[in-house]
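# Working through the structure, step by step
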Amino acid sequence: MWAGHGPRRRPSTWVRGRVGARPRSLVYLEAIESERPWLSEKRSPGPFLEERGALAQGRMLVVEVANGRSLVWGAEAVQALRERLGVGGRTVGALPRGPRQNSRLGLPLLLMPEEARLLAEIGAVTLVSAPRPDPRQHDLALAAFKLQQDQSFREQSTLAAEARETRRRELLDKIAEGQAAKRQRLEPESGAAGGSQEAGGSRAAEGSDPEDDQASGEPEGTVLSSSQPSNEVAPLPRSALLVQLATARPRPVKARPLDWRVQSKDWPHAGRPAHELRYSIYKDLWEHGFFLSGAGKFGGDFLVYPGDPLRFHAHYIAQCWAPEDPIPLQDLVSAGRLGTSVRKTLLLCSPQPDGKVVYTSLQWASLQ
């Protein structure tokens with residue numbers, strides 16, 4: 001890759017280590033093995049096990065696993081995982097009042113395989129494999145759901161009618177006062193117009209036929225007034241039906257515990273080299289007190305946050321590499337430039353045979 005057009009010049013991409021002068025007026029990569037202060041002291045899982053004991057006083061947190069996806073359905077469980085165990089996950093459900101948008105999502109919470117395994121390994125949650133629905137029971141379940149909806153609609157219609165009637169009685173005095181004031185405003189106008197029309201009205205009355213009045217179908221003495229309130233309550237439309245959405249659901253009766261050490265249809269990650277690589281790095285960063293989330297759209301494996309992602313921006317884009325894997329220079333350059341463009345540092349992570357993880361930070365900078 002060469003800078004500019006025309007004659008060939010010095011390469012505009014440099015990989016620099018600890019030794020060597022910086023090239024001037026060139027875009028370069030800076031790859032330095034970092035000795036970060038936050039790597040000097042590890043956080044022990046002991047405090048998290050104490051938190052686990054506090055969480056499990058009533059019941060153990062349950063994570064349902066199906067086809068490799070780990071889901072948390074309880075709002076309290078999601079809050080406890082985030083605040084006490086430093087596991088945020090990602091919400092994937094629709095909000096009750098905003099089902100047709102994806103900028104803000106709700107329950108359930110989707111955990112990464114590394115998050116689910118870590119929580120199960122420290123004993124904070126129980127992984128269960130929920131039974132799959134029987135297609136033969138689909139019609140019965142649908143009929144039961146419709147019956148429940150009809151019953152709820154009848155109950156809501158009754159409550160709406162009672163609330164409407166109660167409100168009408170509360171406003172009855174105000175309605176009567178408003179009608180009286182309206183009649184007072186109309187009386188002077190009707191008196192002035194009545195004098196001019198009295199003669200013509202008497203002649204019209206003399207020429208009118210009593211049989212015509214009877215044919216009109218209106219009894220004598222009937223006064224039509226559109227201002228009188230109606231005692232009838234408008235029925236509740238079906239579109240106004242409130243649907244109850246549960247924020248948690250009980251543990252399935254037929255659910256069976258799932259062993260994350262054994263590969264299965266619901267947990268296909270066990271024994272895979274890619275999963276073992278990612279998990280070793282995830283666990284090491286988690287033990288150092290970081291929050292982690294997926295970084296697929298940033299070209300990495302994890303986004304590394306110094307605290308809760310609701311309060312902080314990510315500082316690092318972590319890429320997981322085995323020690324023996326070669327890193328293509330083109331991928332290195334693109335990852336470094338992407339990380340710098342989003343104001344994050346690329347972190348190359350490689351676990352060693354002795355269990356330690358080596359971190360290399362890489363930034364893209366430009367000299368004037």
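Here, every reference points to the structure presented above.
Quantities reported herein were computed from a predicted structural model and do not represent experimental measurements.

### Regarding the overall build of the chain
- Summing up its helical and strand segments, the chain has 9 helices and 13 strands in all.
- Within the chain, the proportion of its 368 residues that are buried is 33%.
- Partitioning the intrachain contacts of the chain with sequence separation of at least 6 by distance along the chain shows that 61% fall at a separation of at least 24.
- Surface accessibility of the chain: about 25100 Å² in total, with carbon and sulfur atoms responsible for 52%.

### Overview of the side chain of Ser70
- Tracing the backbone shows Ser70 in strand β4 (residues 69–72).
- By relative accessible area, which is 1% here, Ser70 ends up buried.
- Apart from residues lying up to four places away in sequence, Ser70 is in contact with Val63, Glu64, Val65, Leu109, Leu110, Leu111, Ala116 and Trp267.

### Examining the sheet that holds strand β3 (residues 61–66)
- The 6 strands lie next to each other as β5-β6-β4-β3-β7-β8, forming an open sheet whose pairing is mixed. Either end of the sheet is taken by a strand with one partner, and the two such strands are β5 (90–93) and β8 (256–257).

### Observations regarding the environment of Asp325
- Inspection of the secondary structure puts Asp325 in the loop between β11 (316–320) and α9 (329–341).
- In this structure Asp325 comes out as partly exposed when scored by relative accessible area, which is 37%.
- Along the chain, Asp325 and Ser350 lie 25 residues apart, while their C-alpha atoms are 9.5 Å from each other.

### Considerations on the nonpolar core
- Membership of the largest hydrophobic core comes to 41 residues, with the highest contact counts inside it found for Val72, Leu111, Leu119, Val125, Leu127 and Tyr282.
- Looking at this core element by element, the count peaks at 6 residues for helix α8 (residues 273–287).
- Counting residues in each nonpolar core, the second largest holds 13 residues, with Ala295, Leu303, Ala335 and Leu348 among its members.

### Observations regarding the pattern of salt bridges
- A complete count under the given rule lists 11 salt bridges for this structure.
- The partner of Arg168 in a salt bridge is Glu165, and the shortest N-O contact between them spans 2.8 Å. On the criterion of helical spacing, the pair formed by Arg168 and Glu165 is a turn pair, its members being 3 residues apart in helix α4 (residues 138–170).
- Residue Glu165 is classed as buried on the basis of its relative accessible area of 18%.
- Residue Arg169 pairs with Glu165 through a salt bridge whose shortest N-O separation is 3.2 Å. Taken as a pair, Arg169 and Glu165 lie in helix α4 at a separation of 4 residues, close to a single helical turn.

### Side note on the environment of His275
- Among the structural elements, His275 can be located in helix α8.
- Separated by 162 residues in the primary sequence, His275 and Pro113 place their C-alpha atoms 8.0 Å from one another.
- Beyond its immediate sequence surroundings of up to four residues, His275 is in contact with Pro113, Glu114, Arg117, Trp267 and His269.
- One polar contact links His275 to Arg117, side chain to side chain, over a distance of 3.3 Å.

### Section: the layout of surface pockets
- A volume near 820 Å³ is recorded for the largest pocket.
- If you trace the largest pocket, you find 25 residues lining it, with Arg82, Gly89, Thr91, Pro309 and Leu310 closest to the centre.
- For the lining of the largest pocket, the element with the most residues is strand β9 (residues 291–294), which contributes 4 residues.
- Within the lining of the largest pocket, the residues separate by chemical class into 12 nonpolar, 8 polar and 5 charged.

### Brief notes about unusual backbone geometry
- The omega torsion across Leu107 and Pro108 is 5 degrees, close enough to zero to call that bond cis.
- Looking at the secondary structure, you find Pro108 in strand β6 (residues 106–111).
- With a phi angle near 55 degrees, Asn67 is a residue other than glycine that sits in the positive phi range.
- Relative to the helices and strands, Asn67 resides in the loop between β3 and β4.
- One non-glycine residue, Arg343, lies in the positive phi region at around 60 degrees.
- For Arg343, the location among the structural elements is in the loop between α9 and β12 (345–351).

### Thoughts on the packing of aromatic side chains
- Throughout the structure, instances matching the rule amount to 1 aromatic pair.
- On the basis of an interplanar angle of 50 degrees and a centroid distance of 5.7 Å, the ring pair of Tyr282 and Phe302 is categorised as tilted. Of this pair, Tyr282 sits in helix α8 while Phe302 sits in strand β10 (residues 302–305), placing them 20 residues apart in sequence. By the burial criterion, Tyr282 is buried, and Phe302 matches it.
- Above the ring of Tyr279, the side-chain terminus of Arg117 is found at 4.0 Å from the ring centroid.
- A cation over an aromatic ring shows up here: Arg238 above the ring of Phe153, its NZ or CZ 4.6 Å from the ring centre.

### Section: the state of the cysteines
- All chains considered together, the criterion is met by 0 disulfides.
- Between Cys320, a free cysteine, and Cys349, which holds the nearest cysteine sulfur, the sulfur-to-sulfur gap is 5.5 Å.
- Classification of Cys320 as buried rests on a relative accessible area of 12%.
- Taking the relative accessible area as the measure of exposure, Cys349 reaches 0% and is therefore buried.

About the cut-offs
- Residues numbered from 1 in each chain as written.
- Predicted model: local features only at pLDDT ≥ 70, side-chain atom pairs only at ≥ 80, totals over all residues.
- Heavy atoms only, no water.
- Helix = DSSP H or I, 4+ residues; strand = E, 2+ residues; numbered from the N terminus.
- Buried < 20%, exposed > 50% of the residue type's maximum accessible area, 1.4 Å probe, protein only.
- Contact = heavy atoms within 4.5 Å.
- Areas by Shrake-Rupley, 256 points an atom, 1.4 Å probe, with all protein chains shown as cover.
- Pairing = 2+ DSSP bridges.
- Core = buried A, V, L, I, M, F, W, Y, C linked by side-chain atoms within 4.5 Å.
- Salt bridge = Lys/Arg side-chain N within 4 Å of Asp/Glu carboxyl O.
- Polar contact = N/O pair within 3.5 Å; in protein donor to acceptor, adjacent residues only side chain to side chain.
- 1 Å grid on protein atoms, 1.4 Å probe; cavity = no way out; pocket = protein on both sides within 12 Å on 5 of 7 lines; lining within 4 Å.
- Points joined across faces, edges and corners; volume = space filled by probe spheres on them.
- Nonpolar A, V, L, I, M, F, W, Y, C, P; charged D, E, K, R; others polar.
- Phe/Tyr/Trp six-rings, centres within 6.5 Å; stacked < 30°, edge-to-face > 60°.
- Lys NZ or Arg CZ within 6 Å of the ring centre and 35° of its normal.
- Disulfide = S-S within 2.5 Å.

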